[in-house]
Amino acid sequence: APYYFSHKAAVELAGAQVEVTGFEPDTLQPDVSAVRDALRRKRVGHGRVKCVVLTTPNNPSGVVVSAAKMHELSKLCQEEGVWLVVD
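(A) Structural context of the overall build of the chain. Scanning the chain for helices and strands turns up three helices and two strands. Reading the secondary structure of the chain in the N-to-C direction produces α-α-β-α-β. Residues classed as buried in the chain amount to 23% of the 87 residues present. Taking all contacts inside the chain whose residues are at least 6 apart in sequence as the whole, residues at least 24 apart take part in 58%. Surface exposure of the chain reaches about 5900 Å², of which carbon and sulfur atoms provide 57%.

About the cut-offs
- Residues numbered from 1 in each chain as written.
- Predicted model: local features only at pLDDT ≥ 70, side-chain atom pairs only at ≥ 80, totals over all residues.
- Heavy atoms only, no water.
- Helix = DSSP H or I, 4+ residues; strand = E, 2+ residues; numbered from the N terminus.
- Buried < 20%, exposed > 50% of the residue type's maximum accessible area, 1.4 Å probe, protein only.
- Contact = heavy atoms within 4.5 Å.
- Areas by Shrake-Rupley, 256 points an atom, 1.4 Å probe, with all protein chains shown as cover.

What follows is the structure, given as structure tokens:
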């Protein structure tokens, strides 16, 4: 969060579940620890995560995800075996 609302609606229309993770309040950058926790929680819980969707620049804030955060998320998704979809 914040996120582009149409992505959530499209995922739900396809019958999948959405889990929104947080962001760093001072920078509005994705909270990689929160994404990691969500991925691991889902792995031991119900369902299987197939992808992480990242919107940059982020609506409605207009924040562009930094190269460092993009690298962290890419590495995390690779380690967890999920796709990183960037819009």
